[in-house]
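Below, each chain spelled out in residue letters.
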Amino acid sequence: MIAKPLAFAKGITAFSEKPWFHAFEIVSRLTVGVLLILFAEQTSYPLTVKVIGAVLCFVSVFLLVIGSNNHKKFAALTTKIGPYFRPLGFVAVFGGVVLIYLGFS
């Protein structure tokens, strides 16, 4: 994402064409969201972790409601930001570091 933002965008397109794309996106977000909610009390900031988990669960339900076709259209739309994936990559790395920090109690 940071090193090759255009390749990352092409990867999103390729991934969105897989037949299991929509189901994987729903199940993975729901799984991580539920795990965050279940184990939030073991972190330094349980409310923050619960909120992040709840957002992931909400996104899973939202993706289920909008359906596979609209989800694929959204994925195709996001690939158009191309070079802007680089700064978003830095935001993602920072977010990952924050999540790791939140995990320590």
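Before reading further, recall that the structure is shown in the block above.
**Focus: the packing of aromatic side chains**
Logical step 1: For the structure shown, the criterion picks out seven aromatic pairs.
Logical step 2: Here Phe8 and Phe85 contribute two aromatic rings whose centre-to-centre distance is 5.0 Å and whose plane-to-plane angle is 70°, an arrangement assigned as edge-to-face. Of this pair, Phe8 sits in helix α1 (residues 5-16) while Phe85 sits in helix α4 (residues 85-103), and the two are 77 residues apart along the sequence.
Logical step 3: Centroid distance Phe15 to Phe24: 5.9 Å. Interplanar angle 90°. Geometry classified as edge-to-face.
Logical step 4: Judged by its relative accessible area of 46%, Phe24 is partly exposed.
Logical step 5: These aromatic residues form a ring-pair network of at least three members: Phe15, Trp20, Phe21 and Phe24.

**Topic: the layout of surface pockets**
Logical step 1: Looking at the largest pocket, its volume works out to about 490 Å³.
Logical step 2: As for the largest pocket, its lining consists of 19 residues, and the residues nearest its centre are Ile12, Glu25, Arg29, Phe74 and Thr78.
Logical step 3: Of all elements in the fold, only α1, α2 (21-39), α3 (46-78) and α4 reach the threshold of two or more residues within the lining of the largest pocket.
Logical step 4: It is α3 that contributes the most residues to the lining of the largest pocket, nine residues altogether.

**Structural notes on the pattern of salt bridges**
Logical step 1: A full pass over the atoms with the stated rule returns two salt bridges.
Logical step 2: As a salt-bridge pair, Arg29 and Glu25 come within 2.2 Å of each other at their nearest N and O atoms. Within this pair, Arg29 and its partner Glu25 are both found in helix α2, separated by four residues, close to a single helical turn.
Logical step 3: Exposure remark for Arg29: the relative accessible area of 28% places this residue in the partly exposed category.
Logical step 4: The exposure class assigned to Glu25 is buried, which follows from its relative accessible area of 14%.
Logical step 5: The partner of Lys50 in a salt bridge is Glu41, with the nearest N and O atoms 2.7 Å apart.

Scoring rules and cut-offs
Residues numbered from 1 in each chain as written. Predicted model: local features only at pLDDT ≥ 70, side-chain atom pairs only at ≥ 80, totals over all residues. Heavy atoms only, no water. Phe/Tyr/Trp six-rings, centres within 6.5 Å; stacked < 30°, edge-to-face > 60°. Helix = DSSP H or I, 4+ residues; strand = E, 2+ residues; numbered from the N terminus. Buried < 20%, exposed > 50% of the residue type's maximum accessible area, 1.4 Å probe, protein only. 1 Å grid on protein atoms, 1.4 Å probe; cavity = no way out; pocket = protein on both sides within 12 Å on 5 of 7 lines; lining within 4 Å. Points joined across faces, edges and corners; volume = space filled by probe spheres on them. Salt bridge = Lys/Arg side-chain N within 4 Å of Asp/Glu carboxyl O.

Remember that the coordinates give geometry; whether it matters functionally is a separate question.
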